[in-house]
Amino acid sequence: MIDTSLYAAFLVAAFTLCVTPGPDMMFIVAVGGRGGPLTGMTAALGVACAMFVHAVAAALGLSALFLTLPMLYDALRWAGAAYLLYLAVRAFRGEGEPAGAGPAPVEGAGPKAGAARQRAFWRGAVTNLLNPKVILFNVSFLPQFVNPALGHVQEQFLLLGCTITAMGLLVDGSVGLLSGRLAALLRRSRRVARGLDCFSGTVFAGLAIRLAAPK
């Protein structure tokens, strides 16, 4: 069902893409910095779930709609930018995360920690889903490693999508964990904690501007 030589090339290309800092990784760093290591990992899980949805859409041919309907692309792009700006404002104001209320992120199994991780998951998923550039990436990247002569084209798409999703989760989850642990140490100072909130807000705002920019 899969061309082994193409799949080997895909693994190299996918790993290179996953370890290269990009919008998703910066988002996860910002979320982990505000909420702690488990929150950062949860944000990475949300991004990974959204990536899998994109892969399924590409396999079904739904992503190709964005190539023929520019208005749909722009609508999704502006919605994503607006959502990121909303997160930026909340970060600058120190709202939305338990970490903003004290010198260290709230980790553990308490209700506040659980709510923070739930928000991180959905924010990671929504931010990725509302990024049409990710959709266009899947449309242009994945087909290069599909061999139609072998048949089962949709299954090949899904295998590639599952592979890059798992690889991305491993890399981004590690990044979220490390950024959260570093932030947990730095947040012992309230001044540094406020600085991290401003850093997160700056990252969110920068991602919004990048998303709003024409492709």
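Below is a short write-up of the structure. Everything numeric here is computed off the predicted structure, so don't read it as measured data. (Residues numbered from 1 in each chain as written. Predicted model: local features only at pLDDT ≥ 70, side-chain atom pairs only at ≥ 80, totals over all residues. Heavy atoms only, no water.)

1. Some points on the nonpolar core
Phe27, Val31, Leu84 and Phe204 are the most contacted members of the largest nonpolar core, which has 21 residues in total. Counting only elements with at least two residues in this core, the list comes to helix H2 (23–35), helix H3 (37–60), helix H5 (70–92) and helix H9 (190–212). No other element matches the six residues that H9 contributes to this core. Judged by nonpolar contacts, the second largest core, of 16 residues, contains Met25, Ala59, Val146 and Phe157. (Core = buried A, V, L, I, M, F, W, Y, C linked by side-chain atoms within 4.5 Å. Buried < 20%, exposed > 50% of the residue type's maximum accessible area, 1.4 Å probe, protein only. Helix = DSSP H or I, 4+ residues; strand = E, 2+ residues; numbered from the N terminus.)

2. Some details on the layout of surface pockets
In this approach a probe as big as a water molecule rolls over the atoms, and the regions it shows empty are the leftover space. Of the pockets and cavities examined, the largest pocket occupies roughly 550 Å³. Sorting the residues of the lining of the largest pocket by element identifies helix H1 (4–19), H2, H3, helix H7 (132–141) and helix H8 (153–186) as the ones contributing at least two each. Among the elements that make up the lining of the largest pocket, the one with the highest residue count is H8 (five residues). Of the residues in the lining of the largest pocket, the class split is 12 nonpolar, five polar and four charged. (1 Å grid on protein atoms, 1.4 Å probe; cavity = no way out; pocket = protein on both sides within 12 Å on 5 of 7 lines; lining within 4 Å. Points joined across faces, edges and corners; volume = space filled by probe spheres on them. Nonpolar A, V, L, I, M, F, W, Y, C, P; charged D, E, K, R; others polar.)

3. Here we look at empty space enclosed by the protein
In the structure shown here, the tally under the stated rule is two cavities of 30 Å³ or more. By volume, the largest cavity is sized at about 100 Å³. Counting residues per element, the ones that place at least two in the lining of the largest cavity are H2, helix H6 (111–129) and H9.

4. Considerations on H5
Counting along an α-helix, one turn takes 3.6 residues, and residues three or four places apart therefore face a common direction. Given a rise of 1.5 Å per residue, 23 residues ought to cover 33 Å, and the 33 Å separating the end C-alpha atoms of H5 matches this to within 8%. Of the residues making up H5, those classed as buried are Tyr73, Leu76, Arg77, Gly80, Ala81, Tyr83, Leu84, Leu87, Ala88 and Ala91. Two residues or fewer after H5 comes Gly94, characterised by a positive phi angle close to 70°. (Expected span 1.5 Å × (residues − 1).)

5. Concerning the packing of aromatic side chains
A complete count under the given rule lists eight aromatic pairs for this structure. Geometrically, the ring pair formed by Phe10 and Phe141 is tilted, given 5.8 Å between the ring centres and 40° between the ring planes. Here Phe10 is found in helix H1, whereas its partner Phe141 is found in helix H7, with 131 residues between them in sequence. No difference in accessibility class separates Phe10 from Phe141, as the two residues are buried. Judged by centre distance (4.9 Å) and plane angle (15°), the rings of Phe137 and Phe141 are stacked. Taken together, the residues Phe137 and Phe141, both in helix H7 and four residues apart, mark about one turn of the helix. You can call Phe137 partly exposed: its relative accessible area is 27%. You can call Phe141 buried: its relative accessible area is 9%. An aromatic cluster is defined as three or more aromatic residues linked by ring pairs; in this entry it consists of Tyr7, Phe10, Phe137, Phe141 and Phe145. (Phe/Tyr/Trp six-rings, centres within 6.5 Å; stacked < 30°, edge-to-face > 60°.)

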